[in-house]
Amino acid sequence: MKFSYSLQFNTVPEWTEDYLSYGQLKKAIHDVETARLEEAKGVDQSNRQEAANSVSLEMGPRSAQLETEFFNLFQEDAQRVATTFSAKKLACNTKFEELMNSVSAKSESSSDVSVNKIEVWTGDENSLEKRRASLEDSFNGVYLNLHDLHDFLDLNYTGYVRVVKNYGKYLHATAEAK
């Protein structure tokens, strides 16, 4: 399966805009590759003997400009994803701290009874069930947020590795074409 489809179908829907711009980065690589090959063909047509003896990867002005644009796009995109990750991680940490404080507060405010080494809160059965359900929902929410954050990190990491591999492949192919 192509990574772009994997990225499309495995993103957290609320965070779709925050993932790497894989399509734009691939297009930028393709644009640089196309420009380099066109410039190489122009050199080949004008001076075949010199081009045949040279395996230089020197770029013309168009491909150099496009490559600079690619690097700027890559850097901006990576910075945007890193900023998003930091914000999401902070939100997860905050929710986790709130949950831990809630557990500590509830445990200190109720009288504990130890039965078979399991602590249970005493009190009204409805109240106990509501507290348990509330804590379970909170734990599930924190777990899901951490899971989504892990998936966000994993997909973006995989995407950037693929972009760098594609760039390396293009660079190698351009050298062979010359």
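Rules and cut-offs
- Residues numbered from 1 in each chain as written.
- Predicted model: local features only at pLDDT ≥ 70, side-chain atom pairs only at ≥ 80, totals over all residues.
- Heavy atoms only, no water.
- Helix = DSSP H or I, 4+ residues; strand = E, 2+ residues; numbered from the N terminus.
- Buried < 20%, exposed > 50% of the residue type's maximum accessible area, 1.4 Å probe, protein only.
- Contact = heavy atoms within 4.5 Å.
- Areas by Shrake-Rupley, 256 points an atom, 1.4 Å probe, with all protein chains shown as cover.
- Polar contact = N/O pair within 3.5 Å; in protein donor to acceptor, adjacent residues only side chain to side chain.
- Phe/Tyr/Trp six-rings, centres within 6.5 Å; stacked < 30°, edge-to-face > 60°.
- 1 Å grid on protein atoms, 1.4 Å probe; cavity = no way out; pocket = protein on both sides within 12 Å on 5 of 7 lines; lining within 4 Å.
- Points joined across faces, edges and corners; volume = space filled by probe spheres on them.
- Nonpolar A, V, L, I, M, F, W, Y, C, P; charged D, E, K, R; others polar.

**Observations concerning the overall build of the protein**
Okay, step 1: Counting its regular elements, the protein contains 5 helices and 2 strands.
Okay, step 2: N-terminal to C-terminal, the α/β element order of the protein is α-α-α-α-β-β-α.
Okay, step 3: By residue count, 26% of the 178 residues in the protein fall in the buried class.
Okay, step 4: Considering only residue pairs separated by 6 or more positions, the protein has 77% of its internal contacts joining residues 24 or more positions apart.
Okay, step 5: On the protein, roughly 12200 Å² of surface is accessible, and the fraction owed to carbon and sulfur atoms is 54%.

**Some points on the environment of N10**
Okay, step 1: Here N10 lies in helix α1 (residues 3-10).
Okay, step 2: For the pair formed by N10 and F152, sequence separation is 142 residues and the distance between their alpha carbons is 9.0 Å.
Okay, step 3: In contact with N10, other than residues within four places in its own chain, are Y19 and L155.
Okay, step 4: Within the structure, N10 has its side chain in polar contact with the backbone oxygen of S6 (distance 2.9 Å).

**Let's talk about the packing of aromatic side chains**
Okay, step 1: Using the criterion set out here, one finds 8 aromatic pairs in the structure.
Okay, step 2: Between F3 and Y22, the aromatic rings sit 4.9 Å apart at their centres with planes inclined by 70°, giving edge-to-face as the arrangement. Placement of the pair is F3 in helix α1 and Y22 in helix α2 (residues 22-46), with a sequence separation of 19 residues.
Okay, step 3: Of the residues examined, F3 reaches a relative accessible area of 7% and is grouped as buried.
Okay, step 4: Taken together, F70, F71, F74, Y160 and Y167 form an aromatic cluster joined through their ring pairs.

**Looking at the layout of surface pockets**
Okay, step 1: Here the second largest pocket defines a volume of roughly 200 Å³.
Okay, step 2: Taken together, K2, F3, S4, Y22, K26, R162, K165, N166 and K169 make up the lining of the second largest pocket.
Okay, step 3: Of all the elements, helix α5 (residues 125-177) adds the most residues to the lining of the second largest pocket, at 4 residues.
Okay, step 4: Of the residues assigned to the lining of the second largest pocket, the class counts are 2 nonpolar, 2 polar and 5 charged.

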